Amino acid sequence: MGNVHLLKFYLFIATFFLAVTCVHAQQTPLPKTDQNFDLAVGLGENSQTSYSLSWNKNHGLFSSKKLRLGYGIRFSGFSGKELYYITAPADLTGEDATIDTLSMGKANTMALNALINIQYQFHPKFKAGFNIDALGLGFGGDKNAVFISSENTGQFPERLSASPTSFNALLGGDNDLGQLKSEFYLAYAVSQNTWLRAGFDLTFSEYTTEQNLSFENDRFRNKAMLFFVAISYNPFK
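Quick caveat: nothing in here was measured; it's all calculated off a predicted structure. (Residues numbered from 1 in each chain as written. Predicted model: local features only at pLDDT ≥ 70, side-chain atom pairs only at ≥ 80, totals over all residues. Heavy atoms only, no water.)

## With respect to the overall build of the protein
Then step 1. Scanning the protein from N- to C-terminus turns up one helix and 11 strands.
Then step 2. Element order for the protein, N to C, with α for helix and β for strand: α-β-β-β-β-β-β-β-β-β-β-β.
Then step 3. The buried share of the protein, reckoned over its 237 residues, is 47%.
Then step 4. A fraction of 67% describes how many contacts in the protein between residues 6 or more apart in sequence connect residues 24 or more apart. (Helix = DSSP H or I, 4+ residues; strand = E, 2+ residues; numbered from the N terminus. Buried < 20%, exposed > 50% of the residue type's maximum accessible area, 1.4 Å probe, protein only. Contact = heavy atoms within 4.5 Å.)

## Concerning the side chain of Ser149
Then step 1. Position of Ser149 relative to the elements: it lies in the loop between strand S6 (143-148) and strand S7 (159-164).
Then step 2. The class for Ser149 is buried, based on a relative accessible area of 16%.
Then step 3. Among the polar contacts made by the side chain of Ser149, one reaches the side chain of Asp100 at a distance of 2.8 Å.
Then step 4. One polar contact links the side chain of Ser149 to the main-chain amide nitrogen of Glu151, over a distance of 3.0 Å.
Then step 5. The residues touching Ser149, leaving out its near neighbours within four places in the chain, are Asp100 and Ser214. (Polar contact = N/O pair within 3.5 Å; in protein donor to acceptor, adjacent residues only side chain to side chain.)

## Observations regarding a nonpolar patch on the surface
Then step 1. A surface patch of nonpolar side chains, about 620 Å² in accessible area, is lined by Leu39, Leu53, Phe126, Tyr188, Val190, Leu196 and Ile231.
Then step 2. Among the secondary structure elements, Tyr188 is positioned in strand S9 (residues 180-189).
Then step 3. For Tyr188, a relative accessible area of 37% translates into the label partly exposed. (Patch = residues over 30% accessible without salt bridge, like charges linked within 9 Å, V, L, I, M, F, W, Y side chains within 5 Å. Areas by Shrake-Rupley, 256 points an atom, 1.4 Å probe, with all protein chains shown as cover. Salt bridge = Lys/Arg side-chain N within 4 Å of Asp/Glu carboxyl O.)

## Focus on the packing of aromatic side chains
Then step 1. In this structure the tally under the stated criterion is 11 aromatic pairs.
Then step 2. With centroids separated by 6.2 Å and ring planes inclined at 25°, the aromatic side chains of Phe75 and Phe139 adopt a geometry described as stacked. Placement of the pair is Phe75 in strand S3 (residues 67-87) and Phe139 in strand S5 (residues 126-139), with a sequence separation of 64 residues.
Then step 3. The exposure class of Phe75 is partly exposed, given its relative accessible area of 29%.
Then step 4. Exposure remark for Phe139: the relative accessible area of 33% places this residue in the partly exposed category.
Then step 5. With a centroid separation of 6.3 Å and an interplanar angle of 80°, the aromatic rings of Phe200 and Phe227 are classed as edge-to-face. Placement of the pair is Phe200 in strand S10 (residues 194-209) and Phe227 in strand S11 (residues 219-233), with a sequence separation of 27 residues.
Then step 6. For Phe200, a relative accessible area of 14% translates into the label buried. (Phe/Tyr/Trp six-rings, centres within 6.5 Å; stacked < 30°, edge-to-face > 60°.)

## Things to note about the nonpolar core
Then step 1. In this structure, Phe78, Tyr85, Leu102, Phe147, Tyr207, Leu213 and Phe220 are the most contacted members of the largest nonpolar core, which totals 16 residues.
Then step 2. Counting only elements with at least two residues in this core, the list comes to S3, strand S4 (101-123), S6, S7 and S11.
Then step 3. If we skip the residues at most four places from it in the chain, Leu102 touches Leu83, Tyr84, Tyr85, Ala145, Val146, Phe147, Leu160, Ala162, Thr209 and Phe220.
Then step 4. By size, the runner-up hydrophobic cluster in this structure holds seven residues, among which are Ala187, Ala189, Phe228 and Ala230. (Core = buried A, V, L, I, M, F, W, Y, C linked by side-chain atoms within 4.5 Å.)

Following this line, the structure appears as C-alpha cells:
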C-alpha cells in the first residue's frame, strides 16, 4: 500500500474520530434496533473494483442509542489487473527472505461472509461507522499466475494455476485467512429510510496455488485500498 493511500486512510480515520466527538443533540429518539439492505461499489488503482450486497441489523447501546453495534451477511467481489499477491501466512511474513510473489494478470475473487458493524449517529442526518468481515467462504474461478521467487532454481514451476482461498476468517493481521473486506465510512440521511455512504474500502483478496511452493507455502494475499460509495435502504420502517 503506497504512502499516498496510507495518508488518505489515516486522514479518514482522523475525520471519523473527530466526527464522533462532535456530538449534536438528537432531535428524535433513535429506535432500539434498525436493519437495512446495502449496495456498495469501490474503485482503486490498476482497474481495481469492488462490489458488495449486504444485510445489516444494528442494536442501540446505552440510553441515547447513538452508539450502535450490529451484525450482518455480505456478498462481495473484487477484481483487478496486473496485481501482485505476496506470501500470506503470518509465520513467513516476518522476514523479507521468506516472502515470495504471485503476479496475476487478472484477479477475480468473491466471498460470502458474516460481518460486524459499529457506528455512531452524531447528528440526525449524519453517522460514521466501521464494519469488517468475520467468517465465511471464498470462491471464484482459477487464474493463471507467475511465481516470482529468488528461491526458485527450477524445482517449482514459474507459471501455474491458482484459485481463491475457500475459507475466510478474521484472526488479526497476517493471521487472517481468505477474502475479507472492511469499510470506514460517513453516511448521510437522504430520507427516513435511505442513507448514502462513502469512505474507504480495505479488501484482502487471497489465492491458493495448485501446489506448495517455496517454504511449503501455497497462499498469497493482495491488500487493496479503494474509495467506495453505497446506498442503504431500510424497508422495515
